[in-house]
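# A structural walkthrough
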Amino acid sequence: MNDHNDNRISKNEYFMKIAEIVSQRSTCIKRNVGAVLVKENHIISTGYNGAPPGFSHCTPETCVRRNIKSGDKPELCRGVHAEINCILQAAIHGTSIKGETTLYCTTFPCMACLKLIISAGIDKLVYKEGYNMENQVKEALLNESKLIVQKFE
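Presented here is a report on the structure given in the accompanying data block.

### Here's the deal with the packing of aromatic side chains
- Going through the model one piece at a time under the given rule, you end up with three aromatic pairs.
- Both rings, one in Phe15 and one in Tyr104, keep their centres 5.3 Å apart while their planes meet at 40°; by these two values the pair is tilted. Linking Phe15 in helix 1 (residues 11–23) with Tyr104 in strand 3 (residues 101–107), this pair joins segments that are 89 residues apart in sequence. By the burial criterion, Phe15 is buried, and Tyr104 matches it.
- Measuring from ring centre to ring centre gives 4.8 Å for Phe108 and Tyr127, while their planes differ by 85°; the resulting arrangement is edge-to-face. Highlighted residues: Phe108 in the loop between strand 3 and helix 3 (111–119) and Tyr127 in strand 4 (residues 124–129), separated in sequence by 19 residues.

Okay, here's the thing in structure tokens:
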């Protein structure tokens, strides 16, 4: 069989491009994040950050964190993070995460999402943009986990 597709994009690039498209659905005014959960090279769910389904979205006028530094006071945010939405979508639709799973994220997960990703048994995390990478607790958690982390280049 002749393979005429030598110029195809890699699977990593394919899934990350989809995560970037998913991020365009975000309703957060501060940061648009997209996530794609892939199991054995098949997309099982996607997620982006924003208010829970059926709730009003934040606007520049209503965002309570609009003047707060990124990462500060996350408990004030009404948005659900992309990674959580991705895992929730799999759960809502009865799709098992167990198996060879990779989460593609446009932004490295916050501490809360990282704990959830590890607890869900996701094998690998591929991210594009760093976030709070100097967090020593996050680094220690990663070192203790079996999660494979790869920065997308």
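### Re helix 2 (residues 82–92)
- Where helix 2 is concerned, the buried positions are Ala82, Glu83, Asn85, Cys86, Ile87 and Ala90.
- Those residues of helix 2 hidden inside the fold are in contact with strand 1 (34–39), strand 2 (42–48), strand 3 and helix 3.
- Among the residues trailing helix 2, Gly94 stands out with phi positive, at a value near 70°.

Reading guide: rules and limits
- Residues numbered from 1 in each chain as written.
- Predicted model: local features only at pLDDT ≥ 70, side-chain atom pairs only at ≥ 80, totals over all residues.
- Heavy atoms only, no water.
- Phe/Tyr/Trp six-rings, centres within 6.5 Å; stacked < 30°, edge-to-face > 60°.
- Helix = DSSP H or I, 4+ residues; strand = E, 2+ residues; numbered from the N terminus.
- Buried < 20%, exposed > 50% of the residue type's maximum accessible area, 1.4 Å probe, protein only.
- Contact = heavy atoms within 4.5 Å.

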